[in-house]
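# Survey of secondary and tertiary structure
One letter stands for each residue in the lines below.
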Amino acid sequence: RMLGSVEPHAGLLTTPPDGQLLYKIMSVENLLRSIIGNYLHFNRIDSYTDFPNSDPNDGRQLPKDQDGNTCVRFKKASDGDPDFSAANYYDQSRARTYACCFSLDNSDFIWKNYANGSVRGKVCVVFGFGELRTTINQMLQNAALEYNRNRCRQIFSVNYGIVEYVEWDSHQANTEHLPNPIKYTYLKNNKFSDEKELRICLSTIGIGQFALKDGSTIKFPPSLQLAFDFRTAIADCTIKQILYAPD
């Protein structure tokens, strides 16, 4: 009966000041779908493999951590599996974590690399970080989860943080103790540092299963939609501007 909460791991993450602007490049088609459907789109972080320059290791354990994590077992076996390791726990947490990504800079890099291939072009939606954070936190405090038309308990926690870029092959996060899974969500390879990413993540515990009343278990889809009213966000200045492409 693990329920979601608001910013439970804030102490482990770095956030910008409330006045920071966030830049999100979107195709015109996706923006219109989001406005009509009243949602922000979140991708499961292990599914960023479907566009050029995506990071297939997003949210994955660091290579230097893998052996140590594999050697650690839980005192009480998860799901009855005595071989369930910390590495399994991190993998399962990753498969239950979703991100909505923004840039801290309105840079040539983000205009060049995101939302390509659209017939109608692309735009940049500019959010105020403090206002966006307040809007989402207030909404999630009274939210419910809908899964296959079943209304469920809200199991996702929300966190905000600036991504830390590291030397992927040599960096180690488990030197003193096993890190919270949220740390892997906010570590990326240095080669992606031009993104200057802030991400909002929705995640739930990586142990056990979430059962519905009919006995079936929740399967975590590649993406999910978080309720968000774009019209209200424009009216109350959570959305500051919508910029058209430089060309």
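Scroll up a little and you will see the structure.
Below, the structure is looked at part by part. Fair warning: this is a prediction, and the values are worked out from it, not measured in the lab.

From N to C terminus, the protein includes seven helices and twelve strands. The C-alpha radius of gyration computed for the protein amounts to 19 Å, which stays within 12% of the reference 18 Å derived for 247 residues, consistent with globular compactness. The dimensions of the protein, computed from C-alpha atoms along their principal axes, are 55 × 45 × 35 Å. A burial count over the protein gives 46% of its 247 residues as buried. If you take every contact in the protein between residues at least 6 apart in sequence, the share linking residues at least 24 apart comes to 80%.

So, on to helix α5 (residues 129–140). Its twelve residues place the ends of α5 16 Å apart at the C-alpha level, agreeing with the 16 Å of an ideal helix rising 1.5 Å per residue. The complete set of buried residues in α5 reads Phe129, Gly130, Leu132, Arg133, Ile136, Asn137 and Leu140. Take α5 and look down its axis: the buried residues cluster within an arc of 165°, on one side only.

Before going further, it helps to examine the pattern of salt bridges. Under the criterion given, the structure shown has ten salt bridges. In this structure, the salt-bridge partner of Arg44 is Asp46, at a minimum N-O distance of 2.6 Å. The class of Arg44 is buried, set by a relative accessible area of 17%. Residues joined by salt bridges that share partners form a network here, namely Asp58, Lys188, Glu195, Glu197 and Arg199.

What follows is about the nonpolar core. In terms of nonpolar packing, the biggest core is built from 38 residues, with Phe42, Phe127, Leu132, Ile136, Ile200 and Leu202 touching the most fellow members. Of all the elements, α5 adds the most residues to this core, at four residues.

The next thing to look at is the packing of aromatic side chains. Inspection of the entire model under this criterion finds ten aromatic pairs. A ring pair is formed by Tyr90 and Tyr184, whose centres lie 4.9 Å apart and whose planes are at 85°; its orientation type is edge-to-face. Linking Tyr90 in helix α3 (residues 86–94) with Tyr184 in helix α6 (residues 181–185), this pair joins segments that are 94 residues apart in sequence. Tyr184 shares its class with Tyr90; the two are buried. A connected cluster of aromatic rings, assembled from ring pairs, spans Tyr98, Phe156, Phe210 and Phe220. One cation-aromatic arrangement involves Arg133 over Tyr160; the distance from NZ or CZ to the ring centre is 5.7 Å. In this arrangement the basic side chain of Lys188 is found over the ring face of Phe192, its NZ or CZ atom lying 5.2 Å from the centre.

Time to look at the packing of helix α2 (residues 63–71) against α3. Remark: α2 packs on α3, axes separated minimally by 6 Å, with the N-to-C direction vectors making an angle of 115°. Contact residues: α2 offers Gln66, Asn69 and Thr70, while α3 offers Ala86, Ala87 and Tyr90. Counted by class, the contact of α2 with α3 contains three nonpolar, three polar and no charged residues.

A few words now on the side chain of Asn174. With respect to the helices, strands and loops of the structure, Asn174 is situated in the loop between β8 (164–166) and α6. According to the relative accessible area criterion, Asn174 is buried, its value standing at 12%. At a separation of 2.9 Å, a polar atom in the side chain of Asn174 contacts the side chain of Gln172. Residue contacts for Asn174: discarding those within four places in its chain leaves Lys64, Asp65, Gly68, Asn69 and Pro179.

Conventions and cut-offs
Residues numbered from 1 in each chain as written. Predicted model: local features only at pLDDT ≥ 70, side-chain atom pairs only at ≥ 80, totals over all residues. Heavy atoms only, no water. Helix = DSSP H or I, 4+ residues; strand = E, 2+ residues; numbered from the N terminus. Rg over C-alpha atoms; globule rule 2.2 N^0.38 Å. Buried < 20%, exposed > 50% of the residue type's maximum accessible area, 1.4 Å probe, protein only. Contact = heavy atoms within 4.5 Å. Expected span 1.5 Å × (residues − 1). Arc of directions from axis to C-beta. Salt bridge = Lys/Arg side-chain N within 4 Å of Asp/Glu carboxyl O. Core = buried A, V, L, I, M, F, W, Y, C linked by side-chain atoms within 4.5 Å. Phe/Tyr/Trp six-rings, centres within 6.5 Å; stacked < 30°, edge-to-face > 60°. Lys NZ or Arg CZ within 6 Å of the ring centre and 35° of its normal. Axes fitted to C-alpha atoms, helices over the stretch in contact; angles between N-to-C directions. Nonpolar A, V, L, I, M, F, W, Y, C, P; charged D, E, K, R; others polar. Polar contact = N/O pair within 3.5 Å; in protein donor to acceptor, adjacent residues only side chain to side chain.

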